[in-house]
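# Survey of secondary and tertiary structure
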Amino acid sequence: MNLKELSLFLTDEIFVLQEEVKEKLAVNKIASRLDLGSSSGSEEANEPESPAMVKEHDPEPIPYEGEFKQSILVIYQGDELKESSRAFLFKIFSAVNLSLKDIALVSELSLKGSNEDPLEQLNPEKMILFGTIYHPLMGMKKENYQITQESIGYFFADDLDTLEKNVPLKRKLWDTLQIFFNIKK
């Protein structure tokens, strides 16, 4: 349906929020990268003005902590890590011989503030997402602690606060990390 046909039954003005355009484009980029289906491509064709709006703005790179030497993207729920969650996270990574030099540590807030697709911008080999975030990446989730190997290897885990307090979930995370990083202990 084109805009002229659409105007025949929509009489009120319609406004597209810039944030919604960013989210829609991010979903389309991720879906096309992972070949999740053809439905996103047809939706893109129905919105010819959306890409033009986004192209007017300079790309906003995703800020991250770390040096990303081993191409591992780690995303966590929330704006910033509490000190206890940060210590817990680095304890986990030291157990699999990783440090801040090896990863890109990204907050949910950093993802929301950027119009870049994290998989396209950073091109990680592996990704771990802690918690539930409001971002198109959540569309990739099947279930927690299930390793998926597509264009990248990734898995989702519970949020760090929950993991810190729950021993069975810590064990589940440890078992998954051993498989994910091929660690035999």
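Note: the structure precedes this text.
Residues numbered from 1 in each chain as written. Predicted model: local features only at pLDDT ≥ 70, side-chain atom pairs only at ≥ 80, totals over all residues. Heavy atoms only, no water.

### Brief notes about the overall build of the protein
When its secondary structure is counted, the protein shows nine helices and five strands. Ordered by position in the sequence, the α and β elements of the protein form the string α-α-α-α-β-α-β-α-α-β-β-β-α-α. When burial is assessed residue by residue, the protein has 42% of its 185 residues classed as buried. Of all intrachain contacts in the protein linking residues separated by at least 6 positions in sequence, the fraction that spans at least 24 positions is 75%. (Helix = DSSP H or I, 4+ residues; strand = E, 2+ residues; numbered from the N terminus. Buried < 20%, exposed > 50% of the residue type's maximum accessible area, 1.4 Å probe, protein only. Contact = heavy atoms within 4.5 Å.)

### Points about the pattern of salt bridges
For the structure shown, the criterion picks out five salt bridges. Where E150 meets K142, a salt bridge forms, and the shortest distance between an N and an O atom there is 3.5 Å. A relative accessible area of 31% means that E150 is categorised as partly exposed. (Salt bridge = Lys/Arg side-chain N within 4 Å of Asp/Glu carboxyl O.)

### Quick notes on the pairing of strand β3 (residues 126-130)
Of all the five residues making up β3, four are buried; the element is thus mostly covered by neighbouring parts of the structure. Pairing analysis gives five bridges linking strand β1 (residues 72-76) to β3, with the strands arranged parallel. The residue bridging L73 from the neighbouring strand is M127, located in β3. Taken together, the five bridges between β3 and strand β5 (residues 153-157) define a ladder with parallel strand orientation. The residue bridging K126 from the neighbouring strand is G153, located in β5. (Pairing = 2+ DSSP bridges.)

### Concerning the sheet that holds β1
Taken together, the five strands give an open sheet; going across it, the order is β2-β1-β3-β5-β4, and neighbouring strands pair in mixed fashion. The sheet is open, and its two edges are formed by β2 (103-107) and β4 (148-149), each paired on a single side. Here helix α9 (residues 167-180) sits on the sheet and contacts β3 and β5; the angle it forms with β5, its principal contact strand, is near 175°. (Axes fitted to C-alpha atoms, helices over the stretch in contact; angles between N-to-C directions.)

### So, the environment of D161
Residue placement: D161 occurs in helix α8 (residues 160-165). For the pair D161 and F130, spaced 31 residues apart in sequence, the C-alpha separation works out to 9.7 Å. Setting aside residues no more than four positions away along its own chain, D161 makes contact with K82 and S85. One polar contact links D161 to S85, side chain to side chain, over a distance of 2.9 Å. (Polar contact = N/O pair within 3.5 Å; in protein donor to acceptor, adjacent residues only side chain to side chain.)

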